[in-house]
Amino acid sequence: EKGGFWSFMAKEIADQPKAVADTLLGRTNESGDLILDDARIDEATLRTIDKIIVVACGTAAYAGHVAKYAIEHWCRIPVEIELAHEFRYRDPIVTPRTLVVAISQSGETMDTLMAVRHAQEQGAKVIAIVNTHGSTIPRESDAVLYTHAGPEVAVASTKAFVSQITAAYILGLYFAQLRGNMFRDEIHTVLDELRAMPDKIQEVLDRGERVREIARWMADTSSVLFLGRHVGFPIALEGALKLKELAYIHAEGFAAGELKHGPIALIEPGQPVFVIVPSPRGRDSLHSKVISNIQEIRARGARTLVIAEDGDEAVTPFADEVFWVPQCPTLLSPLVTVVPLQIFAAELSRAKGLDVDQPRNLAKSVTVE
Ligand code: BG6
């Protein structure tokens, strides 16, 4: 059932174009407007929402972190991301006007379930973004938006992650539609751009051999850093998490802007650093700041592994290696920039002879607190 792939992980990474496409299916009516049938929360209540809190763990929390950038931009509602286990044990400000979005592949993560219950006790409405039908979290939530990634077998999450971002974006656009934050045409444009993403993810997959080659050369690496800015920041965190989970390599992700406030002290000759470069067609200052970061770490001897958009020639003088991704709108770029990082971690794990589908000490769904 691995479909000819060497692991479930490899298969699930390859499944991502379909996972995103399927998650987008059936969300609009004949006029192209979003209809969320599963969202059982009535529209009048949704209109009163003044804050969104995403609760999740691990990779699912990083999907929420990505979605914060988009939802705040589109809907002008504050979005907080909270690790489910932290949320529950502090004294979070939750009111009946708070919408809690619980993101979970399995729908069974106990920490996330407890956060859902905690939110409901305080009168908040909960929408679940979940992959597994009939699981506990959607059953206890007020509404559910299913990701259609199909069963994810490998313990570390890949296709569920891109589907979670897609579903959270659908939710954000639905809010924007409901609250009138965006023009209909703008929403339809973003939906079309989202529908173009599966082909772009496929392109990144088709270019995967170079990533695998580099991963094999780096099989004895003991530490890798990841830098990103804006939506590239949670992708840096996710790239580091994948490497820890799959290859047991010490890895850390940073916001590129933090570099000078501490992490640059870690840079010594030979230190591999992945840098996720924002599109030069987006906010210009963001792009040039990240290019400066690459120069700074390169000057201190770092080996720079850069993820950049096709045609971004500004990166080449400072990159030891560039993994190119197709051009796409900045907010949608995580769907392509995460892919080389997943392939890298999986191949490095394979090169070390590890069990990429069942990493030590981890479980697919953690049903204890
Ligand atoms: C961890 C898994 O145990 O739980 C991660 O190893 C996952 O891959 C996290 O991201 C959250 O799981 P879920 O099912 O709630 O998305």
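Because the structure is a prediction, the values reported are computed rather than measured. (Residues numbered from 1 in each chain as written. Predicted model: local features only at pLDDT ≥ 70, side-chain atom pairs only at ≥ 80, totals over all residues. Heavy atoms only, no water.)

Novice: Can you walk me through the site of the ligand in this structure?
Specialist: The full set close to the ligand counts 13 residues, and T59, S104, Q105, S106 and T109 are the nearest of them. Within the backbone of Q105, an N or O atom sits 2.6 Å from an oxygen atom of the ligand. At 2.5 Å from an oxygen atom of the ligand is found a side-chain nitrogen or oxygen belonging to T109. Protein burial of the ligand: of its 390 Å² of free accessible surface, 91% is covered by the chains. Of the pockets mapped on this structure, the ligand occupies the largest pocket. (Near = heavy atom within 4 Å. Polar contact = N/O pair within 3.5 Å; in protein donor to acceptor, adjacent residues only side chain to side chain. Areas by Shrake-Rupley, 256 points an atom, 1.4 Å probe, with all protein chains shown as cover. 1 Å grid on protein atoms, 1.4 Å probe; cavity = no way out; pocket = protein on both sides within 12 Å on 5 of 7 lines; lining within 4 Å. Sits in = over half its atoms within 2 Å of the grid points.)

Novice: Please clarify how the packing of helix α4 (residues 58-75) against helix α8 (residues 159-179) should be interpreted in this entry.
Specialist: Any two packed helices are characterised by the angle at which their axes cross and by the distance between the axes. Running from N to C, α4 and α8 cross one another at 25°; their axes reach a closest spacing of 9 Å. Accordingly, the angle class assigned to the pair α4 and α8 is roughly parallel. The hand of the α4/α8 crossing is right-handed. Note on element contacts: α8 touches α4 through F161, Q164, I165, A168, Y169, G172, L173, F175, A176 and R179, opposite T59, A60, Y62, A63, V66, A67, A70, I71, W74 and C75. (Axes fitted to C-alpha atoms, helices over the stretch in contact; angles between N-to-C directions. Helix = DSSP H or I, 4+ residues; strand = E, 2+ residues; numbered from the N terminus. Parallel < 35°, antiparallel > 145°, perpendicular 65-115°, else oblique. Left-handed = near helix turned anticlockwise from the far one by under 90°. Contact = heavy atoms within 4.5 Å.)

Novice: How should I be thinking about the pairing of strand β6 (residues 223-228) in this particular structure?
Specialist: Within a regular strand, the side chains alternate between the two sheet faces. Within β6, six of the six residues are buried, which leaves the element mostly enclosed by the surrounding structure. Both faces of β6 are covered, namely the face carrying S223, L225 and L227 and the face carrying V224, F226 and G228. Bridging between β6 and strand β7 (residues 250-255) involves six bridges; their strand directions are parallel. By the bridge assignment for β7, S223 is matched with H250. Handedness of the β-α-β unit built from β6, helix α12 (residues 232-247) and β7 comes out right-handed. Of the strand pairs in this sheet, β6 and strand β8 (residues 272-276) are connected by three bridges, and their pairing is parallel. Bridge pairing in β8 places L225 opposite V273. (Buried < 20%, exposed > 50% of the residue type's maximum accessible area, 1.4 Å probe, protein only. Pairing = 2+ DSSP bridges. Right-handed = clockwise from strand over helix to strand, strands pointing away.)

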